[in-house]
Amino acid sequence: MPEVFILGLLIHIAYFSTWNAGFVTDFTGLQWRLEGAAWHEFLHCFGFPALQQFLHLILYVFYNAFKANGLPWYLLFTTLHIANTVLLKQLIGSVAGRLNLSSPEWAAWAAALLFALSPYQTEVLVWRVCLNFLLSGFFVLAALHFALRWFDSGERRHWWGAQLVLVAALFTFELGLVIPALSTLLLWLLPGEKGSFFKRFGALAGVQWAVVGMYFLLNKMVLGAWVGHYGEAVHLRFVPAELAANFWRYTAKLALFGRYLGLPEKQAVFGVLDKPVWFWSLSVLLAGALVASWLLRDRLSARLRLTVFFFTAFGLALAPIINLYFNNLMRIDGDRYVYLASMFFWAFAATALFSLPRKWAVVISASILLISVRLLFKTNQRWVESTRIYYALLDNYRWQNEPHVFLLNLPDNYQGAPMFRDHSMKNRALADPLYYLAKKKPAGQVYEVAQYNLASPNDGVQVQQDTAGLLSVQFLQTGNWWWRGGIGALPYEKQGYRFEPGDGKYTLHLDSIPAGSVFLIQKGSSWEEVDVLLK
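## Some points on the overall build of the chain
Part 1 of the reasoning: Regarding its fold elements, the chain presents 18 helices and 14 strands.
Part 2 of the reasoning: A compact globule built from 535 residues would reach a C-alpha radius of gyration of about 24 Å, and the chain, at 25 Å, matches this within 12%.
Part 3 of the reasoning: Taking the principal axes of the C-alpha coordinates as reference, the chain spans close to 85 × 50 × 45 Å.
Part 4 of the reasoning: Per-residue burial over the chain gives 55% buried out of 535 residues.
Part 5 of the reasoning: Within the chain, counting contacts between residues at least 6 apart in sequence, those at least 24 apart form 74% of the total.
Part 6 of the reasoning: By element, 63% of the accessible surface of the chain is carried by carbon and sulfur atoms, the whole surface being about 22800 Å².
Part 7 of the reasoning: Averaging the coordinates of the 43 positive side-chain charges in the chain and doing the same for the 33 negative ones gives two points 10 Å apart.

Set out below in structure tokens:
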């Protein structure tokens, strides 16, 4: 198929520079769980608190075959993204064809290109722990294709295909929960005889909803909670105002490339969407329009009905993640959550654009694509630079035999691309990649006093000792702040020292540090040892 070659070539041109990137932070946690584990432990997800057996079986097989070899992981991730892009293009063409729309290939190509080359896809394509998002996208699109074929032919093999793909999706990641809703929406979209909606719903989507119900019961039986991963406290927390605001934040993020706006523009856009008068007004208008579309389905033009379908699918695809924290400040971090929803957003945008005269639709689509490609290459360059610094710091580290090493600064991320992050705050952000990637197992204890966001390749700190046992660690540049555990650092105290963050610096109170301790600072891609006078 020519689209496979064309889309595949474009994706490889965009992403090949990142082929050895992404083995950071949570990936070393994955290595910790998989190293030395028996294959059958995938039944318990290697200790991960979720029912993701299908995902963990694939990860176990692939990791044991290729370890942290960059090229196989790169090819796996890009192949799945190519497959998802092709399936999206074919889905638009198939549905448009059933609605007898003329020349649907223009909108299908536009949506495929805008999805494939969106700068928001880099976290999923590059970070090697995001296989679940790629697989979820594949299963959702495959389920819709099976549903379409079953609608047309009535053959049981297509019905079984839709159900089995749902099961695989549910045991991969919670994004698979949207499949029954999307199947129901597809039934609304497609023409049929009077009463056929409820007949087809019971035969296909109704069964899928029942499977989802059994999945939740299985979670409760196995995990002791209705949902795993982040847990009930996060996934089942529904605050209407937050849900409404987040929907419009995600919409602005995609439609306006909101994360790439300058800080004043970003604050203006998201500041408006943070105000209840705006997000509630927009939500009420949207809800009214969708209800009217449902009731007046037969009076809508086929193109308008398709546009409504894809925008509604966008909203449904956001449902599993819409109550998670929305970060509009950092780039890259958290973009993975919008991977699935962006498929349907760009399908909606392309369908709406090509309701205009084709010349204008092509010009607007091409303009958006040019902006997208430019931002994509800039974002991938951040991954390339972060990877260079990441491996240089691992290669240059030579204190693995020291009994006590204090890291006074450690990059959490480089312009949003994750580097050394440890959500557990157990001092594993550097120790784990040293062991698993650089084969330098620390013999002693490594203390990660503070992390920070690396804003440029040469960022670093300087250290001043005011009195014995009192250090002042200050940034050499602006644009950084202190991190710990993946968020902004707060004051904390450990045995032997106390950390107090300040504006552009922090104070470290040393009480009972062991003799012979080594103190290190990071500058760019190198380490420097600091002489410290202890009490």
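## As for the nonpolar core
Part 1 of the reasoning: The biggest cluster of nonpolar side chains holds 176 residues, and the ones touching the most others in it are Leu-186 and Phe-344.
Part 2 of the reasoning: When residues of this core are assigned to their parent elements, the largest contribution, 14 residues, is made by helix H7 (residues 131-153).
Part 3 of the reasoning: When near neighbours in sequence (up to four residues on either side) are disregarded, Phe-344 contacts Leu-91, Val-140, Leu-144, Leu-182, Phe-310, Ala-313, Phe-314 and Ala-317.

## Brief notes about helix H3 (residues 53-66)
Part 1 of the reasoning: With 14 residues, H3 extends 20 Å between its outermost C-alpha atoms, agreeing within 8% with the 20 Å of an ideal straight helix rising 1.5 Å per residue.
Part 2 of the reasoning: Every buried residue of H3 is accounted for by Gln-53, Leu-55, His-56, Leu-59, Tyr-60, Phe-62 and Tyr-63.
Part 3 of the reasoning: The positive-phi residue at the C-terminal boundary of H3 is Lys-67, with phi of around 50 degrees.

## Quick word on the pattern of salt bridges
Part 1 of the reasoning: Scanning all chains against the criterion turns up 14 salt bridges.
Part 2 of the reasoning: Its salt-bridge partner being Asp-152, residue Arg-98 comes within 2.2 Å of it at the nearest N-O pair. Pair noted here: Arg-98 is in helix H4 (residues 70-98) and Asp-152 is in helix H7, with a separation of 54 residues, a long-range link.
Part 3 of the reasoning: What emerges from the salt-bridge pattern is a single network uniting Lys-253, Arg-259 and Asp-335.

## A few points about the side chain of Ser-372
Part 1 of the reasoning: Mapped onto the elements of the fold, Ser-372 is located in helix H17 (residues 358-396).
Part 2 of the reasoning: By relative accessible area, which is 2% here, Ser-372 ends up buried.
Part 3 of the reasoning: With near-sequence residues (within four places) excluded, Ser-372 lies in contact with Leu-117, Ser-118, Pro-119 and Phe-257.

## Concerning the packing of H7 against helix H9 (residues 179-189)
Part 1 of the reasoning: Where H7 contacts H9, the two axes come as close as 10 Å, and the packing angle between them is 35 degrees. Seen along the crossing, H7 lies across H9 with a hand that is right-handed. Contacts between H7 and H9 involve Phe-139, Val-140, Ala-143, Leu-144, Ala-147, Leu-148 and Phe-151 from the former and Ile-179, Leu-182, Ser-183, Leu-186 and Leu-187 from the latter.
Part 2 of the reasoning: Broken down by class, the residue content of the contact of H7 with H9 amounts to 11 nonpolar, one polar and no charged.

## Some remarks on unusual backbone geometry
Part 1 of the reasoning: Positive phi, close to 60 degrees, is recorded for Asn-427, a residue that is not glycine.
Part 2 of the reasoning: Within the secondary structure, Asn-427 sits in the loop between strand E3 (417-418) and helix H18 (431-436).
Part 3 of the reasoning: Residue classification places Asn-427 among the buried residues on the basis of a relative accessible area of 16%.

The rules behind each value
Sequence order as written defines residue numbering, which begins from 1 separately in each chain. Reporting of local features is limited, given that this is a predicted model, to residues whose pLDDT is at least 70; pairs of side-chain atoms are given and counted only at 80 or more, and all residues count toward the totals for whole chains, interfaces and linings. Side-chain measures were taken over the full set of non-hydrogen atoms in the model, leaving aside hydrogen atoms and water. Think of it this way: any DSSP run of H or I at least four residues long counts as a helix, any run of E at least two long counts as a strand, and we number them from the N terminus. Atoms counted for the radius of gyration: C-alpha only. Globule rule: 2.2 Å times residue count to the power 0.38. For each residue, the accessible area found with a 1.4 Å probe, counting protein chains only, is set against the maximum for its type, and the residue is called buried under 20%, exposed over 50%, and partly exposed in between. Note on contacts: a residue pair is in contact if any heavy atoms of the two residues lie within 4.5 Å. All accessible areas in this document rest on Shrake-Rupley with a 1.4 Å probe, and a residue is counted as covered only by the protein chains that are shown. Charge assignment: positive for Lys and Arg, negative for Asp and Glu; neither His nor the chain ends contribute. Charge positions are represented by NZ for Lys, CZ for Arg, CG for Asp and CD for Glu. Residues belong to one nonpolar core when they are buried, are Ala, Val, Leu, Ile, Met, Phe, Trp, Tyr or Cys, and are joined through side-chain atoms within 4.5 Å. In this scheme, a helix's expected span is set at 1.5 Å multiplied by one less than its residue total. A pair is scored as a salt bridge if a Lys or Arg side-chain nitrogen falls within 4 Å of a carboxyl oxygen belonging to Asp or Glu. To get an axis, a line is fitted to the C-alpha atoms, and for a helix only the part in contact is used. The angle between two axes follows their N-to-C directions and goes from 0 to 180 degrees. Handedness of each helix crossing follows the sense of rotation of the near helix against the far helix: counterclockwise by less than a right angle gives left-handed, clockwise gives right-handed. Polar here means any residue other than Ala, Val, Leu, Ile, Met, Phe, Trp, Tyr, Cys and Pro, which are nonpolar, and Asp, Glu, Lys and Arg, which are charged; Gly is therefore polar.

Just geometry here; none of it tells us what the structure is for.
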